[in-house]
Every structure is written in structure tokens, then in C-alpha cells.
Amino acid sequence: MKTSPVEINEPESPKTQTETNAVSRREFLGNIGKVTFTAAAIGAVPLIDPKSNVQAQRGEPPFPALNRAKKSYNLRKDAATFNYQATPASLRRPNNGDEDTFKNKIASYTKGLPHQANGEVDLSAYEMLVNALRTENPADFELIPLGGDRKFVNPQGGLALDLEGRDCFSMTMPPAPNFSSREIAAEIAENYWMALLRDVPFEDYPTNPIAQDAAADLTLFGSDFKGAKNMGGQVTPELLFRGLTAGDKVGPYLSQFFYHSCFFGTNEVSQKIKTVKSIADGGQDYMTDFNSWLDIQRGISPQNGDIFDATPRYMRMGRDIGQYVHIDVLFQSYFQAFLVLAGTLGAAFDKGNPYNNSLTQDGFATFGGPHVATILCEVATRALKGVWNQKWIVHRRLRPEVFAERIDRTLYHGMDYPIHTEILNSINTASRLGGHLPAGNAFLPMAFPEGSPTHPSYGAGHATVAGACATILKAFFDESTIIQTPLMPDSTGQVLVPYTGDTLTVGGEINKLASNISLGRNTAGVHWRSDGTESMILGESIAISILRDHKASFNEQFSGFTITKFDGSTIII
């Protein structure tokens, strides 16, 4: 439900405006020698002589560069003060407790470490990983033992300080569902169904019997399944694997920004992708037996790679979006969405853009195309630092491929892992997952030969970047703009045809784009639904904090960025 806009003010100085701008003559004269020395040392242009006739004719105050530097200093200081004061001294960042509950670490992220023959991690190796994260000593990270040839992905990334927006240690995410919960059982059920439907076109879901069984099965999890549902609380085939915003539930499954071509400068960008073959065409899933699973958990690179389709296609099914998020540049889809909005569709800028009604000026470095293009990349790196801190320092959540193995060991190999009975019942029931998974095998069929990346599951990097970049696009473009020529692919993915259903808006399709990328990782088997849902919100908050810092820096008369958040509320920054 949308609400009235809530205004989020820019940082306020702890000093008065007069105190912030004033520099006493004594302070000013006392700093001349220091500033002159610094300028000369770095090869800067010499300071202007205050007695210069040129300067006097221009009417500039003495030493404009120094005054400007003071103003910039105060701006940065005030932004840092705001972010510092917004962090409560009592801030706590709880995880789900699984690491302490299970001393054998069966519910924690362990991939890449040495593993025992039973599939569980070598506990001394795990302790060395945790010790490095605890001490933050770079040398300790070099001592972590590896189980194979694959290295860990950037565990120190979440320890980096940042010069913009909130510090990553001030950010929180709710604890992930714990190992024995009914909610994680519902999440792994969705992962299984996503794998089973990878080769079915999204537009065929309403009539596909597997999709119908998937909807019925997920509905049985009730409120513990957090995916999209109709007003009666039912999961329907049309709503399978969709996100939770209003825009997610309207129109084709994939966002319009995956279908409209665009220009990157003079280069025309086709939206067809190099995808992988479906099972029927000779492709395959991976890690469906214990030995290959164990090798991958130890960090041993797979022997076989992707099996590519020779024909470029528009994305039309789960295997396609899974391959897209396998090798994409993390801000790629949002940058291409910007190119579509600014070029192909000619979408209007947000109504608050100060240049909309200017008689003499266009935006460029501020409030123009280059501003939007570059800030999309800028927020992506901040989003990654924020979520990497959550992954490694706070949560260390296991990947779905590991939870599925724990299910397999429990059902068929005598282990007594505390898995919720709802998922065990589903796998044992012919009308539920049991009617579609291979008999005696509960491994999650993975879309990638190497399975998940070698970093923890919660939060999700793709989803955090999605939340941040989508927020930037909504800040700069008019979300209410209707997309006049919506498209969708045919079942082969080789031809685009007009879409003639419900009205699609820029804001709704931006939200859908973020969800598609987030859930595409789940479709491949490497993430959980809660990873995506909560990480999109994290990314949104990171982008808002950066826009808040930026807002105070503009010279233009600007009332603020207006954004519809993922929860449907509207804010003004």
C-alpha cells in the first residue's frame, strides 16, 4: 500500500550556518603558509594574489579556492557526522544462532575448506576461518586452509571503510531462517521446484503440470512460504518465483529492460544472450551425487564446464536467467535499463529534476545522463562492501546445495540432522516433490558446474546491488511513465512479440528487474528467497544513504529525490 511521501532530510551540521561558513581573519592568515606549501608540493595551480587586478575586476573574495575547500570540508564533515550520529551505540547485529547451536557446523557456510568423508567440515579449519574474521589481521587470512584449488571470494571486503554513505558495520539485516525452521524448509522446496522448472518457458507455467504441482506444494507451507501469493493466500502458477513488489506481479515474468534493444554510445546492444542448453537439447544439471558434491564443497574446480547453446536467444525460461546472472557484470542490467530508458524509450526524468523546466540549461554532470550512468556504478561497489560485511562477519549462512545434501543424508543415509518434517513429507509424497525428484536422491540439481561461489549465502551480492541500482533509477526517472511498446519473447527465445496485457510502468519494471536478478540466482540453486528479499532492502538503504549525502552537494534549487520503496511507501530524500 502506498503512503504519503516521507521526507528524509540531508545531513545537518552540528554548527550553525554562520559558524560553518565563517573563518576568522587570524585562522585564515595562519593557514596561508600551510595551504601554499601543500599546493606547491602537489603541483597545483598557485593561489591567486589577493591584490590582483583581474581578481578585483571579477569581484571574487580572497582565496576562493580556500573558501571552497572549507565549504567542501564542512559538507563532508557534516555528512560523516550525520551517519555517525545515526548509528546507535547499542546497535546489535544478530544472526540466526546456527553457528553456536550446531557444534559440527552443519548449518554454517564451509565451502572451500577441507571436509571429512561424511560431508562435514574439518572443525579446525573452520575455526581458522572464523579467527581471521575475528582478528581482522590480513596475515591470518593467508593461514586459512583450503580443501581444493578454489580460493575464498574476498572475505576482507566487508572490513573496508567507505568515504560515502553509511559504514557497513552500521547496517543490519534480520537473522536468516534457522536450520530447523519451517521457513527454510519452504525455501528449499522453492529451490527444488525452480530446478525442476528450469527448462519450462515462464509463459507456459499456467498450463504446465509441474508448475501446478509446485504452486500447490508451496501453498501447503502457509505463512512460512514468503513468496508471492494471491489475495486468498494461495500460490498460483502465474505467481511462481515472482518478487513481492506490485510491479513483480504484473505482465511477463521478466522485466521489459531485458527485451528492448539499446545503444551503448554508437554500439547497438542486442538483448539476446549466449545461454546454455536445456536438458532436452543435451544440457545438464550438476552436483546430483555425493562424490561430485563433496569435491565441490572442498573447493575442487569441476572437470566439466557449461554446455552452451549455439543460438543466441532472448531469455524466456529459468535456465536462461540463471546463466545471465552466472557471468553478468553486477550493475550490467541496470546500466542497460538506463540506456533503454534514456535512449530507446525516451523516458521522462523524475518530476523533481531541476532542469525539467529550465529555459537555458540542460543537466549533464548533475541531473543529466552522465550523472545517472556513473552513480549506478558508484552505488554498486558500496552495496558489495555492505553485503560482504553481512556475509562474512555476521551471518555465514550455508548455501542451498549444502542444505539439500543434509536432507539427502537424513532421508536415505541414516543421518539424524534436525530437518523440519514439512520438507521431508513433501519429498516423500507422490503428489508433492516426491512425484518429481529422482527416487532416493534429494540433492539439489545445480545449474552451474561449480555450484555456488565460495562465499556465504546471506546476504546476496546480486540482490544488494539490485536494490541499490534500482533505487538510483527510480530516483532519476519518472516511475509513473507507462511503457508504450511492451514486448515478450516467443517460446523459442528467438523472436519478440508485442505484449498486450496489463499496463506496465517504469517503476514497476525497475522493481521487477531487481527481483528477476535476485531470484535468478535462486533459480540456479545458489541462493535462498530470504537472501534476495532482505538484500534488496539492504541495497535500497545503502543507495538512500548515498543520495542523502549527495543531495547536500548540489548548487541547483532541488527539492529532493522522490522514490517509491520496495514496500510501496514513498519517500523524499
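Residues numbered from 1 in each chain as written. Predicted model: local features only at pLDDT ≥ 70, side-chain atom pairs only at ≥ 80, totals over all residues. Heavy atoms only, no water.

Q: Describe in detail the overall build of the protein chain, supporting the description with residues and values.
A: Along its length, the protein chain carries 19 helices and seven strands. In the protein chain, which comprises 573 residues, the proportion classed as buried is 52%. Contacts in the protein chain between residues at least 24 apart in sequence constitute 77% of all its contacts with a sequence separation of at least 6. Summed over all atoms, the accessible surface of the protein chain reaches about 25,400 Å², with 54% contributed by carbon and sulfur. (Helix = DSSP H or I, 4+ residues; strand = E, 2+ residues; numbered from the N terminus. Buried < 20%, exposed > 50% of the residue type's maximum accessible area, 1.4 Å probe, protein only. Contact = heavy atoms within 4.5 Å. Areas by Shrake-Rupley, 256 points an atom, 1.4 Å probe, with all protein chains shown as cover.)

Q: Give a description of helix α18 (residues 506-523) that names residues and reports values.
A: Taking 1.5 Å of rise per residue, the 18 residues of α18 would be expected to cover 26 Å, and the 25 Å separating its terminal C-alpha atoms lies within 8% of that figure. Along α18, 18 of the 18 residues are buried, which leaves the element largely enclosed by surrounding structure. Gly 525 sits one or two positions beyond α18 and adopts a positive phi of about 100 degrees. (Expected span 1.5 Å × (residues − 1).)

Q: Can you lay out the state of the cysteines for me, pointing to particular residues and giving the numbers?
A: Note on terminology: disulfide describes a covalent bond linking the sulfur atoms of two cysteines. Under the definition given, this model contains zero disulfides. The thiol sulfur of Cys 469 is not disulfide-bonded, and the nearest other cysteine sulfur, from Cys 377, lies at 7.7 Å. (Disulfide = S-S within 2.5 Å.)

Q: Account for the packing of helix α14 (residues 369-395) against helix α19 (residues 529-551), with residues named and values stated.
A: Across the interface, α14 lies against α19 with an axial gap of 9 Å and an inter-helix angle of 130 degrees. Relative to α19, α14 is oriented oblique. Where α14 crosses over α19, the two elements pack in a sense that is right-handed. Listed contacts from α19 to Ile 375, Glu 378, Val 379, Arg 382, Ala 383, Gly 386, Val 387 and Gln 390 of α14 are Ser 535, Leu 538, Ile 542, Ile 546, Leu 547 and His 550. Grouping the amino acids of the contact of α14 with α19 by side-chain chemistry returns eight nonpolar, four polar and two charged. (Axes fitted to C-alpha atoms, helices over the stretch in contact; angles between N-to-C directions. Parallel < 35°, antiparallel > 145°, perpendicular 65-115°, else oblique. Left-handed = near helix turned anticlockwise from the far one by under 90°. Nonpolar A, V, L, I, M, F, W, Y, C, P; charged D, E, K, R; others polar.)

Q: Account for the nonpolar core, with residues named and values stated.
A: Counting residues in hydrophobic clusters, the biggest one holds 137 residues, and the most contacted among them are Tyr 192, Leu 240, Ile 407, Ile 423 and Phe 476. When residues no more than four places from it in sequence are discounted, the contact partners of Ile 423 are Ala 185, Ile 188, Ala 189, Tyr 192, Phe 221, Ile 407 and Leu 433. (Core = buried A, V, L, I, M, F, W, Y, C linked by side-chain atoms within 4.5 Å.)

Q: Can you explain the side chain of His 326? Please cite residues and give values.
A: Relative to the helices and strands, His 326 is located in helix α12 (residues 318-327). In terms of polar contacts, His 326 uses its side chain to reach the side chain of Glu 450, at 2.8 Å. With residues near it in sequence (within four places) discarded, His 326 still touches Asp 306, Phe 448, Pro 449, Glu 450 and Arg 521. (Polar contact = N/O pair within 3.5 Å; in protein donor to acceptor, adjacent residues only side chain to side chain.)

Q: An account of the packing of aromatic side chains is requested, with residue identities and associated values reported.
A: Tallied over the full model, the rule gives 23 aromatic pairs. Ring geometry for Phe 367 against Phe 554: centres 4.6 Å apart, planes inclined by 55 degrees, an arrangement best described as tilted. In this pair, Phe 367 is assigned in the loop between α13 (332-344) and α14 and Phe 554 in the loop between α19 and β6 (562-564), connecting sequence segments 187 residues apart. Seen from their ring centres, Phe 554 and Phe 561 are 6.2 Å apart, and the 70 degrees between their planes marks the pair as edge-to-face. Here the aromatic residues Tyr 355, Phe 367, Phe 476, Phe 554, Phe 558 and Phe 561 are joined through ring pairs into a cluster of three or more. The lysine or arginine in question, Arg 406, covers the ring of Tyr 417, its NZ or CZ lying 5.8 Å from the ring centre. (Phe/Tyr/Trp six-rings, centres within 6.5 Å; stacked < 30°, edge-to-face > 60°. Lys NZ or Arg CZ within 6 Å of the ring centre and 35° of its normal.)

Q: Give a description of the packing of α12 against α18 that names residues and reports values.
A: Where α12 meets α18, the axes come as close as 8 Å, and the angle between the chain directions of the two elements is 105 degrees. Looking at the two axes, α12 sits roughly perpendicular to α18. When α12 is examined against α18, the residues Gly 318, Ile 321, Gly 322, Tyr 324, Val 325 and His 326 are found in contact with a partner set consisting of Asn 516, Ile 517, Gly 520, Arg 521 and Thr 523. Of the residues in the contact of α12 with α18, the class split is four nonpolar, six polar and one charged.

Q: Please set out the pattern of salt bridges residue by residue, giving values where relevant.
A: This structure, assessed with the given rule, holds 23 salt bridges. Salt-bridge contacts for Arg 319 lead to Asp 285; the nearest nitrogen and oxygen are separated by 3.1 Å. Taken together, the residues Arg 319 in helix α12 and Asp 285 in the loop between β3 (267-269) and α11 (290-297) connect sequence positions 34 residues apart. Across the salt bridge formed by Asp 320 and Arg 316, the nearest N and O atoms sit 2.7 Å from each other. (Salt bridge = Lys/Arg side-chain N within 4 Å of Asp/Glu carboxyl O.)

Q: Break down the side chain of Thr 110 for me, citing the residues and quoting the values.
A: Here Thr 110 shows up in the loop between α6 (98-101) and α7 (123-135). Using a relative accessible area of 3% as the deciding quantity, one classes Thr 110 as buried. With sequence-adjacent residues up to four places away left out, Thr 110 is seen in contact with Lys 105, His 115, Val 121, Tyr 126 and Gln 297.

Q: Give me helix α17 (residues 461-476): which residues, what numbers.
A: The terminal C-alpha atoms of α17, which comprises 16 residues, lie 23 Å apart, in line with the 22 Å expected from a rise of 1.5 Å per residue. Burial of α17 is extensive: 16 of the 16 residues sit out of reach of the surface.

Q: An account of unusual backbone geometry is needed here, citing residue identities and associated values.
A: Geometrically, the link from Tyr 458 to Gly 459 is a cis peptide bond, its omega value of -5 degrees lying close to zero. For Gly 459, the position within the fold is in the loop between α16 (421-427) and α17. One non-glycine residue, Arg 396, lies in the positive phi region at around 45 degrees. Topologically, Arg 396 is positioned in the loop between α14 and α15 (400-412). Classification of Arg 396 as buried rests on a relative accessible area of 9%.

Q: Which residues make up the confidence of the model for the protein chain, and what are the values?
A: Reading fine detail from the predicted coordinates is not recommended where pLDDT is low. Across the protein chain, the average pLDDT comes to 91, with 89% of residues at 70 or higher. Low pLDDT, under 50, characterises residues 10-57; the stretch is placed with 38 contacts to residues that sit more than four places away or in other chains. (pLDDT = per-residue confidence, 0-100.)

Q: I'd like to hear about the environment of Tyr 334, residue by residue, with values.
A: Assignment of secondary structure puts Tyr 334 in helix α13. The exposure class of Tyr 334 is buried, given its relative accessible area of 1%. Note: C-alpha distance between Tyr 334 and Leu 473 (139 residues apart in sequence) is 7.8 Å. Non-local contacts of Tyr 334, meaning those with residues more than four positions away in its chain, are made with Leu 376, His 462, Val 465, Ala 466, Cys 469, Leu 473, Leu 513, Ala 514 and Ile 517.

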